[in-house]
Amino acid sequence: MAIMELINIMIAPKGMKLKIAPFGAVCVVLFTSPISPAAQKYNMFVSHICCAALGVIALAIFGPGWVARSVALATSVAFMIYSGSFHPPGARLPILFIDGPKFQHLQWRSSIFPRTVG
């Protein structure tokens with residue numbers, strides 16, 4: 001987290017941030033139960049990228065609001081069940097994207113940065 005904060009300070013003048021809210025939850029999962037399925041690298045990577053992409057798609061189809069949040073969360077949970085990539089902090093990403101106007105201008109890039117960097 002200290003390295004992420006240093007990088008965050010360097011890129012802040014460009015209007016970007018490296019940290020997002022689910023990173024705290026990821027740290028809890030990794031450090032408290034490192035052998036659990038939710039802490040596996042595949043689960044974290046796949047759920048973060050795909051759930052964020054589902055948020056982008058839901059916002060594009062339904063616009064901002066409760067319908068987009070509901071559809072994004074439901075499809076994220078269904079995706080994690082179907083793909084076997086169970087990682088609860090990943091399910092927060094579509095809602096974070098739909099509710100966060102700073103992420104909305106990134107569009108599909110929001111599913112890649114800062115999700116994969118963290």
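Preceding this section is the structure that the text describes.
The model shown is predicted, which means the values in this text are computed figures rather than measured ones.

**Considering the nonpolar core**
Next, step 1: Counting residues in hydrophobic clusters, the biggest one holds seven residues: Val56, Ala58, Leu59, Ala68, Ala72, Phe97 and Ile98.
Next, step 2: Sorting the residues of this core by element identifies α3 (41-62), α4 (66-83) and α5 (93-99) as the ones contributing at least two each.
Next, step 3: In terms of residue count, α3 provides more of this core than any other element does, three residues in total.

**Section: a nonpolar patch on the surface**
Next, step 1: On the surface, a nonpolar cluster with roughly 540 Å² of combined accessible area is contributed by Ile57, Ile61, Phe62, Trp66 and Val67.
Next, step 2: On the basis of relative accessible area, Ile61 is assigned to the exposed category, the value being 58%.

**Details of α4**
Each turn of an α-helix holds 3.6 residues, which means side chains three or four residues apart point in the same direction.
Next, step 1: In this model α4 runs 25 Å from its N-terminal to its C-terminal C-alpha over 18 residues, within 8% of the 26 Å that 1.5 Å per residue would give.
Next, step 2: Those residues of α4 lying buried are Ala68, Ala72, Ser76 and Met80. Summarising the axial view, the buried residues of α4 lie within an arc of 90°, below the 170-degree limit, and thus occupy one face. Opposite the packed face of α4, turned more than 90 degrees from it, sit the exposed residues Trp66, Ile81 and Tyr82.
Next, step 3: Buried-residue contacts for α4 involve α3 and α5.
Next, step 4: Downstream of α4 by a residue or two, Gly84 has a phi angle that is positive, lying close to 75°.

**Observations concerning α3**
Next, step 1: For α3, spanning 22 residues, the distance from its first C-alpha to its last is 31 Å, which sits close to the expected 32 Å at 1.5 Å a residue.
Next, step 2: The set of residues buried in α3 consists of Asn43, Met44, Val46, Ser47, His48, Ile49, Cys51, Ala52, Gly55, Val56, Ala58 and Leu59.
Next, step 3: Directly beyond the C-terminal end of α3, a positive phi value near 75° is found at Gly63.

**Digging into the packing of α3 against α4**
Next, step 1: At their nearest, the axes of α3 and α4 sit 9 Å apart, and the two run at 150° to each other. One way to sum up the angle between α3 and α4 is to call them roughly antiparallel. As for how α3 packs across α4, the hand of that crossing is right-handed. Counted together, Tyr42, Val46, Ser47, Cys50, Cys51, Leu54, Gly55, Ala58, Leu59 and Phe62 of α3 and Val67, Ala68, Val71, Ala72, Thr75, Ser76, Phe79, Met80 and Ser83 of α4 form the full contact between these two elements.

Calculation criteria
- Residues numbered from 1 in each chain as written.
- Predicted model: local features only at pLDDT ≥ 70, side-chain atom pairs only at ≥ 80, totals over all residues.
- Heavy atoms only, no water.
- Core = buried A, V, L, I, M, F, W, Y, C linked by side-chain atoms within 4.5 Å.
- Buried < 20%, exposed > 50% of the residue type's maximum accessible area, 1.4 Å probe, protein only.
- Helix = DSSP H or I, 4+ residues; strand = E, 2+ residues; numbered from the N terminus.
- Patch = residues over 30% accessible without salt bridge, like charges linked within 9 Å, V, L, I, M, F, W, Y side chains within 5 Å.
- Areas by Shrake-Rupley, 256 points an atom, 1.4 Å probe, with all protein chains shown as cover.
- Salt bridge = Lys/Arg side-chain N within 4 Å of Asp/Glu carboxyl O.
- Expected span 1.5 Å × (residues − 1).
- Arc of directions from axis to C-beta.
- Contact = heavy atoms within 4.5 Å.
- Axes fitted to C-alpha atoms, helices over the stretch in contact; angles between N-to-C directions.
- Parallel < 35°, antiparallel > 145°, perpendicular 65-115°, else oblique.
- Left-handed = near helix turned anticlockwise from the far one by under 90°.

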